[in-house]
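Commentary on secondary and tertiary structure
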Amino acid sequence: MKLAVLVSGRGSNLQALIDACKAEDFPAEIVLVLSNKVGAYGLERAREAGIATTVLNHKDYEDRESFDAAMSEQITAAGAELVCLAGFMRLLSDGFVRSWRDRLINIHPSLLPAYKGLHVHERVIEEGARFSGCTVHFVRPAMDEGPIISQAVVAVHPTDTPDDLAARILEQEHAIYPRAVKYIAEGRVRVSAERVLINEHTVPEGALSNPAS
Ligand code: GRF
């Protein structure tokens, strides 16, 4: 399966996908890394791996719709069948989300539907949550919403700073994102009534269990 990965920054999840794709039996390859930021370190990672890159500066476009249309064009031209958001810091228009429905996934550093949006780890700690984690989900028009493909749970330690917690969650992100892509590329994932079935199961082995446990 051909993937386009959209990044705005450091691209560590992109790197996890690049590394996973190197395995001979991994059923996907990255055909395009697209960024809205010229200096995104993710672009560097892509170049190093010999992957085609495109930068589209959203400031060059009149509105969100025309920027998203330009992205769609690039993604389609690259032949991508699945779009992976990996720290892409732009809200997407309804039109974009609709045209890539069930072919557009995101990773978010919380156990959705809890803690949508930004500054997740600060809020988790501030509110005294005992557990947090990360989620890979299909994208719907509302931010950080959509059918859940895979999650991992991470305990919050009493002494955690937001950075400590972010780092432990990031490790799990790097495990669950490639695995979710693998399941999709193997054709094992289906959305039914806005729930994800993997191998036709709602609680699939491996997809909801914690990779750390
Ligand atoms: C990750 O924490 C991801 O969950 C969130 O943005 C961050 C991106 O990090 N959506 P990176 O650019 O993949 O290192």
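Summarised in this report is the structure supplied together with it.

Cut-offs and rules
Throughout this document, residue positions are counted from 1 along each chain, in the order its sequence is written. Side-chain atom pairs in this predicted model are given and counted only at pLDDT of 80 or more, local residue features only at pLDDT of at least 70, and totals for whole chains, interfaces and linings cover all residues. Hydrogens and water molecules were not included; the side-chain quantities draw on all heavy atoms of the structure. Elements are defined by DSSP. Helices are runs of H or I of four residues or more, strands are runs of E of two residues or more, and each kind is numbered from the N terminus. By definition here, a helix of n residues has an expected span of 1.5 Å times n minus one. The cut-offs for exposure are 20% and 50% of the maximum accessible area for each residue type, with area from a 1.4 Å probe on protein chains only; residues under the lower value are buried, those over the upper are exposed, and the others partly exposed. Strand pairing is defined by DSSP finding a minimum of two bridges between the two strands. Only the stretch in contact is used when fitting a helix axis, every axis being a line fitted to C-alpha atoms; angles between N-to-C directions are given from 0 to 180 degrees. Here, residues are in contact when the closest pair of their heavy atoms is within 4.5 Å. To be near a molecule or strand, a residue needs just one of its heavy atoms within 4 Å of it. Pairs of N or O atoms within 3.5 Å make up the polar contacts considered here, provided that, within protein, one atom can donate a hydrogen while the other can accept it, and that residues adjacent in sequence are counted only when both atoms are side-chain atoms. For this scheme, ten residues count as nonpolar: Ala, Val, Leu, Ile, Met, Phe, Trp, Tyr, Cys and Pro. Four count as charged, namely Asp, Glu, Lys and Arg, and the remainder, Gly too, count as polar. A side-chain nitrogen of Lys or Arg and a carboxyl oxygen of Asp or Glu constitute a salt bridge if their distance falls within 4 Å.

1. Side note on helix α6 (residues 162–185)
Taking 1.5 Å per residue, 24 residues should reach 34 Å; α6 reaches 34 Å between its end C-alpha atoms and fits that length. Buried residues of α6: L165, I169, L170, Q172, E173, I176, Y177, P178, A180, V181, Y183 and I184, and no others.

2. Description of the sheet that holds strand β6 (residues 131–138)
The strands making up a sheet are joined through hydrogen bonds of the backbone, oriented either antiparallel or parallel. Taking strand neighbours across the sheet as the criterion, the seven strands line up as β3-β2-β1-β4-β5-β6-β7 in an open arrangement whose pairing is mixed. Looking at the sheet topology across the chains shown, the edges are occupied by β3 (53–55) and β7 (148–155). Direction aside, the axes of adjacent strands within the sheet are offset by 20 degrees on average. In the sheet, strand β1 (residues 2–7) pairs with strand β2 (residues 29–35) via six bridges, with the strands oriented parallel. What sits directly across from K2, in β2, is E29. Across the sheet, helix α1 (residues 12–22) touches β1, β2, β4 (82–85) and β5 (104–108), and the angle it forms with β2 is around 160 degrees. Contacts from α6 reach β1, β4, β5, β6 and β7, with the element oriented near 155 degrees to β7.

3. A few points about the environment of V31
Locating V31 in the fold gives a position in strand β2. Through-space distance from the C-alpha of V31 to that of Y177 is 17 Å; in sequence the pair is 146 residues apart. Residues contacting V31, with those up to four places away along its chain left out, are K2, L3, I51, A52, A78 and A80.

4. Comments concerning the site of the ligand
All residues adjacent to the ligand are R10, G11, S12, N13, G87, I107, H108, P109 and E173. Interatomic distance of 2.5 Å between a side-chain N/O atom of R10 and an oxygen atom of the ligand. Between the ligand and I107 there is a distance of 2.9 Å, counted from a nitrogen atom to a backbone nitrogen or oxygen. Elements supplying a minimum of two residues to the shell around the ligand: α1 and β5. Each residue belonging to the shell around the ligand can be placed in one class, and the counts come to two nonpolar, five polar and two charged.

5. Overview of the pattern of salt bridges
Proximity of charged atoms lets side chains of opposite charge pair with each other. Tallying each qualifying case throughout the model produces ten salt bridges. The salt bridge involving K22 is made with D19; its shortest N-O contact spans 3.4 Å. Taken together, the residues span about one helical turn, with K22 and D19 both in helix α1 at a distance of three residues. E200 is paired through a salt bridge with R190; the nearest N and O atoms lie 2.7 Å apart. Of this pair, E200 sits in the segment after β9 (195–198) while R190 sits in strand β8 (residues 189–192), and the two are ten residues apart along the sequence. When salt bridges with common partners are traced through the structure, they connect R101, D102, R140 and E194 into a single cluster.

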